[in-house]
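# What the coordinates show
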Amino acid sequence: EGEKKTPPSPPKSGVSLDVKARFASNIFRLSGMELGHVLQVIDLKCPNALEDPNPSNAEKENYGVAQVEINVDVIDPRTFSELDRYVKDKMLARTTGEALDEMDESPKKQKR
């Protein structure tokens, strides 16, 4: 009855599963150029995090378009933090930009 419950130990990488899941979800919302930047950073700093899901015939099936999977569990904490910040900045800029676009359009929609 007097046992203390120990809090769950932090993940070995120092990055929570929620943060990794949010990052992975946001990657799908990036533009091609933004995704290219993320892939380039991973390729330079943590190449083992990039995986080819179908190395034998990927180009044939996808009409020459390469597919790559990002294993976020393999990205080191420093690189992950850098990439997560980049992706969050892009999502924030997109959200802010959409809000500004709506504000710019509202006077145009009104007829005088």
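Relevant structure appears above.
This write-up is about the structure you can find in this document. These numbers were taken from a predicted model, which means no experiment stands behind them.

Before going further, it helps to examine the overall build of the protein chain. Each helix and strand counted, the protein chain has 4 helices and 2 strands in total. In the protein chain, the order of α-helices and β-strands from amino to carboxyl end is α-α-β-α-β-α. Burial statistics for the protein chain: of 112 residues in total, 21% are counted as buried. Expressed as a percentage of contacts within the protein chain between residues at least 6 apart in sequence, the contacts between residues at least 24 apart total 65%. Approximately 9100 Å² of the protein chain is accessible, and the part contributed by carbon and sulfur atoms is 53%.

Once that is clear, we can look at the layout of surface pockets. Leftover empty space is mapped by rolling, across the atoms, a probe with the size of a water molecule. One number sums up the size of the largest pocket: a volume of about 270 Å³. Lining the largest pocket are Ala24, Ile27, Phe28, Leu30, Ser31, Leu35, Leu39, Val68, Glu69, Ile70 and Val72. Within the residue set of the lining of the largest pocket, elements represented by two or more residues are α1 (17-27), α2 (32-45) and β2 (69-70). Split by residue class, the lining of the largest pocket holds 9 nonpolar, 1 polar and 1 charged.

The next point concerns the nonpolar core. By size, the foremost hydrophobic cluster in this structure holds 16 residues, and its most contacted members are Phe23, Val38, Ile42, Ile75, Phe80, Leu83 and Val87. At the level of secondary structure, the elements contributing two or more residues to this core comprise α1, α2 and α4 (77-109). Of all the elements, α4 adds the most residues to this core, at 5 residues. Residue contacts for Ile42: discarding those within four places in its chain leaves Pro47, Ala49, Leu50, Ile70, Ile75 and Leu83.

About the thresholds
- Residues numbered from 1 in each chain as written.
- Predicted model: local features only at pLDDT ≥ 70, side-chain atom pairs only at ≥ 80, totals over all residues.
- Heavy atoms only, no water.
- Helix = DSSP H or I, 4+ residues; strand = E, 2+ residues; numbered from the N terminus.
- Buried < 20%, exposed > 50% of the residue type's maximum accessible area, 1.4 Å probe, protein only.
- Contact = heavy atoms within 4.5 Å.
- Areas by Shrake-Rupley, 256 points an atom, 1.4 Å probe, with all protein chains shown as cover.
- 1 Å grid on protein atoms, 1.4 Å probe; cavity = no way out; pocket = protein on both sides within 12 Å on 5 of 7 lines; lining within 4 Å.
- Points joined across faces, edges and corners; volume = space filled by probe spheres on them.
- Nonpolar A, V, L, I, M, F, W, Y, C, P; charged D, E, K, R; others polar.
- Core = buried A, V, L, I, M, F, W, Y, C linked by side-chain atoms within 4.5 Å.

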